[in-house]
Amino acid sequence: MGLGRLVRSFWGPRPESVESLAGRWQRTLDGLTGLVPEAAGAWSQIHAHGPATAVTADRDALLGAVRTAQSAAGWSDLTGTGLRLVGTGTPGWEVEVSGVAGGTPEFLLQSIMVVLHAPDEASVPEEDMLALLARVWEPDFGDVSDDDVLDALEDEAGFSVEDPAVGRIGYLSPARAALVPDGLEAVRQELPGGGELLSIAAPGDTAAVVRACERLREAGALAPLPRPMDRTVL
């Protein structure tokens, strides 16, 4: 299995119906199938107990999966409803999508995370994958990252797991994007919802990511949501 790319989005409390969540999941899987068809030929659901089960990427199947997950977790109205799905296809390709959404937690962020395994030489549309999560889930912030980037941010800039950050590519909600300082070394692309994608560094250039995160933090664009959380985005 090749290099793992990590694409993530985070937001604060946002209560949602199972129908709304199933719709977001369906648009996510449809989008990933279009972007990385090699990794999304068939989907299965990973369960906390027992073997994985096959699941189709249609609304009825996903609505059933969300309802089952919500009923299994007594606190899902507070913590959010979690799903974990894996797509497989061409040998050497795999995509795992996991998320917790629809809840009203006061301290832990809601999130959606995509881990893509692909051959080392493969061209992967990382920016489009982050834009997909931004469109579908309307998050507060997000990133395209990997273990090296996360380690560098923690070791060199003091970022912790829950701190807002950007990776090689970042997404910032409209209020955060408005605080991006002039002169930041990044290509900025506004998305239809008003947030922005920031293309910051090529794979392996962790120093550029650390510099960008430090500048964005100083400008207030990476300020954490207040705790206890009372809003979805900054």
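Fair warning: this is a prediction, and the values are worked out from it, not measured in the lab.

Reading the values: rules and limits
- Residues numbered from 1 in each chain as written.
- Predicted model: local features only at pLDDT ≥ 70, side-chain atom pairs only at ≥ 80, totals over all residues.
- Heavy atoms only, no water.
- Helix = DSSP H or I, 4+ residues; strand = E, 2+ residues; numbered from the N terminus.
- Rg over C-alpha atoms; globule rule 2.2 N^0.38 Å.
- Buried < 20%, exposed > 50% of the residue type's maximum accessible area, 1.4 Å probe, protein only.
- Areas by Shrake-Rupley, 256 points an atom, 1.4 Å probe, with all protein chains shown as cover.
- Lys, Arg positive; Asp, Glu negative; His and termini not counted.
- Charge placed at Lys NZ, Arg CZ, Asp CG, Glu CD.
- Polar contact = N/O pair within 3.5 Å; in protein donor to acceptor, adjacent residues only side chain to side chain.
- Salt bridge = Lys/Arg side-chain N within 4 Å of Asp/Glu carboxyl O.

Colleague: Could you clarify how one ought to interpret the overall build of the protein chain in this entry?
Modeller: The helix and strand inventory of the protein chain stands at seven helices and 10 strands. In terms of C-alpha radius of gyration, the protein chain reaches 17 Å, essentially the compact-globule figure of 17 Å for 234 residues. Along the three orthogonal principal directions, the C-alpha set of the protein chain runs to about 50 × 45 × 35 Å. Sorting the 234 residues of the protein chain into buried and exposed places 48% on the buried side. With the model as given, the accessible surface of the protein chain reaches about 10,600 Å², and the carbon-plus-sulfur share is 53%. Computed over 17 positive and 35 negative side-chain charges, the inter-centroid distance for the protein chain is 5 Å.

Colleague: Sorry if this is basic, but what is going on with the environment of Asp143 here?
Modeller: Note on placement: Asp143 falls in strand S7 (residues 141-145). For the pair Asp143 and Leu83, spaced 60 residues apart in sequence, the C-alpha to C-alpha distance is 20 Å. Side chain to side chain, Asp143 and Arg8 meet in a polar contact 2.8 Å long.

Colleague: Please clarify how the pattern of salt bridges should be interpreted in this entry.
Modeller: Enumeration over the complete set of coordinates arrives at 12 salt bridges. A salt bridge links Arg168 to Glu126; its shortest N-O distance comes to 2.6 Å. In this pair, Arg168 is assigned in the loop between helix H5 (147-157) and strand S8 (169-172) and Glu126 in helix H4 (residues 126-137), connecting sequence segments 42 residues apart. Like Arg168, the residue Glu126 is buried in the burial classification. Linking Arg176 and Asp140 is a salt bridge whose minimum nitrogen-to-oxygen distance equals 2.7 Å. Of this pair, Arg176 sits in helix H6 (residues 174-177) while Asp140 is found in the loop between H4 and S7, placing the two residues 36 residues apart along the sequence. We classify Arg176 as buried; its relative accessible area is 0%. On the basis of relative accessible area, Asp140 is assigned to the buried category, the value being 0%. What emerges from the salt-bridge pattern is a single network uniting Arg5, Glu126, Asp146 and Arg168.

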